[in-house]
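Listed below are the residues making up each chain.
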Amino acid sequence: MSREGKKITVVMPARNAATTLENTVGAIPPDWVDEILLVDDHSSDDTVDVATRLGLRVIWHPHNTGYGGNQKTCYLDALNRGADVVVMLHPDGQYEPHLIPDIVRPILDGEADLVLGSRLLDPDGAIAGGMPRWKYAANRFLTVVECRALGVEFAELHTGYRAYSRDMLLGVPFLRNALDFSFDSEMLFQAISLGFRVTEVPVRTIYHDDASSVDFRNGVIYGTKTLVALARVKLHQAGVWRSRKYERVVKHEKPEVAA
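So, how was this worked out
- Residues numbered from 1 in each chain as written.
- Predicted model: local features only at pLDDT ≥ 70, side-chain atom pairs only at ≥ 80, totals over all residues.
- Heavy atoms only, no water.
- Helix = DSSP H or I, 4+ residues; strand = E, 2+ residues; numbered from the N terminus.
- Polar contact = N/O pair within 3.5 Å; in protein donor to acceptor, adjacent residues only side chain to side chain.
- Contact = heavy atoms within 4.5 Å.
- Pairing = 2+ DSSP bridges.
- Axes fitted to C-alpha atoms, helices over the stretch in contact; angles between N-to-C directions.
- Phe/Tyr/Trp six-rings, centres within 6.5 Å; stacked < 30°, edge-to-face > 60°.
- Buried < 20%, exposed > 50% of the residue type's maximum accessible area, 1.4 Å probe, protein only.

### Quick notes on the side chain of Thr-47
Position of Thr-47 relative to the elements: it lies in helix α2 (residues 47-53). Among the polar contacts listed, one links the side chain of Thr-47 to the side chain of Asp-45, at a separation of 2.6 Å. With near-sequence residues (within four places) excluded, Thr-47 lies in contact with Ala-14, Asn-16, Ala-17, Ala-18, Leu-21, Leu-38 and Asp-40.

### Considerations on the sheet that holds strand β3 (residues 57-60)
What links the strands of a sheet is backbone hydrogen bonding, and the strands pair in either a parallel or an antiparallel sense. Taken together, the seven strands give an open sheet; going across it, the order is β3-β2-β1-β4-β6-β5-β7, and neighbouring strands pair in mixed fashion. Single-partner strands in this sheet number two, and they are β3 and β7 (198-202). Sheet twist, expressed as the mean angle between neighbouring strand axes with direction ignored, is 20°. Note that strand β4 (residues 85-88) and strand β6 (residues 162-165) share four bridges and pair antiparallel. Looking at β6, one finds that Val-87 is bridged to Ala-163. Sitting on the sheet, helix α3 (residues 66-80) touches β1 (8-14), β2 (35-40), β3, β4 and β6, and the angle it makes with β1 is about 155°.

### Notes on the packing of aromatic side chains
Geometrically, a pair of aromatic rings is defined through the distance of the ring centres and the angle of the planes. Across all of its chains, the model carries six aromatic pairs by this definition. Ring centres of Tyr-67 and Phe-181 lie 4.5 Å apart, and the angle between their planes is 20°; on these two criteria the pair is classed as stacked. A residue pair is termed long-range when its members are at least 10 positions apart, and Tyr-67 in helix α3 and Phe-181 in the loop between α7 (166-171) and α8 (182-193) qualify at 114 residues. Measuring from ring centre to ring centre gives 5.3 Å for Tyr-75 and Tyr-164, while their planes differ by 70°; the resulting arrangement is edge-to-face. Of this pair, Tyr-75 sits in helix α3 while Tyr-164 sits in strand β6, and the two are 89 residues apart along the sequence. Here the two residues Tyr-75 and Tyr-164 agree in accessibility, since each one is buried.

This is the structure we're talking about:
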């Protein structure tokens, strides 16, 4: 398979990732990535210094905007710099960077607009990688409920390892999405409801002391917000309560702006 000149950008939404960033970046296959962008969400550690030393493109938020707000900056910058494929990779080392070729291949082959790096395609893989059992059970429960409601079939809908095509990022109104972790669910619901092609590939997850992880309390909040977002898209589809969040954007490429 050839990349055929397609620009691949890795975006890293970061907050206090100084201890894991270098190892994560070092594992990214250089032949598969044209640019790495790190958006720092007002870290209290040396994340920006480490990223700058590693030669990454860095954007710093002067105040915390949340996980969703961070991603909005990531995708806006990647689009403005001409990315054809955008890979979201967490800088904490929880997902394996060397799998980036597998993540982007369906998009480069013209088979998908959104690729999910699924930790649950191998039923035993997530637990073996250290995923807490309560989190595994919650993940499976939410995924089953969402799949039935949306009429799709996937092993996991709650992975943070994803690749997006340029067409999809231009076609979904992601700037209208939440600022917190439910941003990911809304992006997925937008993709499915607006008819973009979604597929998943198997990945491993590695839980360790420095890996970011949602605790039980925040997991409950995230699950609740995900179900609320699911109800919202179903109401939109039924014509009961329309939302601009689930209407396809008329795509326009970036206009030429005079310096």
